[in-house]
Amino acid sequence: VQLQAFGGGLVQAGGSLRLSCAASGRALSDSHVAWFREAPGKEREFVTAVSWNGATSYDAVTVKGRFTISRDHAKNTVYLQMNSLKPEDTAVYYCAASQTRFARLGRSETDYFYWGQGTLVTVSS
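1. Brief notes about the packing of aromatic side chains
Counted by the stated rule, this structure contains four aromatic pairs. Ring geometry for phenylalanine 36 and phenylalanine 46: centres 5.7 Å apart, planes at 80°, overall edge-to-face. Taken together, the residues span a long stretch of sequence, with phenylalanine 36 in strand 4 (residues 33-38) and phenylalanine 46 in strand 5 (residues 45-50) at a distance of 10 residues. Pairing phenylalanine 36 with tyrosine 112 gives two aromatic rings, centres 5.8 Å apart and planes at 70°, and the pair type is edge-to-face. With phenylalanine 36 in strand 4 and tyrosine 112 in the loop between strand 9 (91-97) and strand 10 (114-115), this pair connects stretches of sequence that are 76 residues apart. For the pair phenylalanine 36 and tyrosine 112, one class covers both residues: buried. Grouped by ring-pair contacts, the aromatic residues Phe36, Phe46, Tyr112 and Trp115 constitute a single cluster. Over the ring of tyrosine 79 we find arginine 18; its NZ or CZ atom is 4.1 Å from the centre of that ring. Lying over the aromatic face of tryptophan 52, arginine 101 brings its terminal NZ or CZ to 3.8 Å of the ring centre.

2. Points about the pairing of strand 4
Burial within strand 4 is extensive, with five of its six residues counted as buried. For strand 4 and strand 5, the ladder comprises five bridges, and the chain directions are antiparallel. Bridging from a neighbouring strand, arginine 37 pairs with glutamate 45 of strand 5. Hairpin connection of strand 4 to strand 5: six residues between the antiparallel strands, including glycine 41 at a positive phi of 80°. Relative to strand 9, strand 4 runs antiparallel, the two sharing six bridges. Paired with tryptophan 35 across the bridge in strand 9 is cysteine 95.

3. Observations regarding the environment of leucine 120
The residue leucine 120 is located in strand 11 (residues 119-124) in this model. Residues leucine 120 and valine 92, spaced 28 residues apart in sequence, show a C-alpha to C-alpha distance of 4.2 Å. Among residues more than four places away in sequence, those in contact with leucine 120 are Gly8, Gly9, Ala91 and Val92.

4. Points about the pairing of strand 9
Of all the seven residues making up strand 9, six are buried; the element is thus mostly covered by neighbouring parts of the structure. For strand 9 and strand 11, the ladder comprises three bridges, and the chain directions are antiparallel. Counterpart to alanine 91 in the pairing with strand 11 is valine 121. Here strand 9 pairs with strand 10 via two bridges, running antiparallel. Across the sheet, residue alanine 96 finds its bridge partner in strand 10, namely tryptophan 115.

5. Regarding the sheet that holds strand 3 (residues 17-24)
The strand order across the open sheet formed by four strands is 1-3-8-7, and the pairing between neighbours is antiparallel. Of all strands in the sheet, those with a lone pairing partner are strand 1 (2-6) and strand 7 (67-72), marking the two edges. Strand-to-strand, the axes of this sheet are offset by a mean angle of 15°, without reference to chain direction. Pairing of strand 3 with strand 8 (residues 77-82), which is carried by six bridges, proceeds in the antiparallel orientation. The residue of strand 8 that forms the bridge with serine 20 is tyrosine 79.

Calculation rules
Residues numbered from 1 in each chain as written. Predicted model: local features only at pLDDT ≥ 70, side-chain atom pairs only at ≥ 80, totals over all residues. Heavy atoms only, no water. Phe/Tyr/Trp six-rings, centres within 6.5 Å; stacked < 30°, edge-to-face > 60°. Helix = DSSP H or I, 4+ residues; strand = E, 2+ residues; numbered from the N terminus. Buried < 20%, exposed > 50% of the residue type's maximum accessible area, 1.4 Å probe, protein only. Lys NZ or Arg CZ within 6 Å of the ring centre and 35° of its normal. Pairing = 2+ DSSP bridges. Contact = heavy atoms within 4.5 Å. Axes fitted to C-alpha atoms, helices over the stretch in contact; angles between N-to-C directions.

Any functional reading would require information that these geometric values do not contain.
Below, the structure written as C-alpha cells:
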C-alpha cells in the first residue's frame, strides 16, 4: 500500500483544514488508519485512529472534540477534519495504515506498517 497525505497549508487560529490520505496498491478497507504529527523540535505523536470498518476511533486528548477522522472505502481515502485549529497544532501530519485488519488499533507508531510522506499544517496566531 502506498499512502499519500495532502491538504495541509497555512491557516489562521480558529480555522479549519481537511487532510486526505489516499491509498494505492490495494484497498485501504482492510487496514486500521491513523494520523500522527510531528511538531518542530518534538517527537512524533499520535493524533487519531479509526478501525478498518469505521466502527471504532480513538483521539488524543489534545484534539478531542476538534478533529474528526473518517474514511471513504469507495475512494480508498481517509480524512482528518481539523476544526478550531490552534498554533500548537502546527506540525507535519502523517497518515499510517496497519498491515491487516487483525492488527491492534493502537496509538503507537509500531502498530502501523504503511506510512505516507506527511503534509505540513501551519496555524498562525
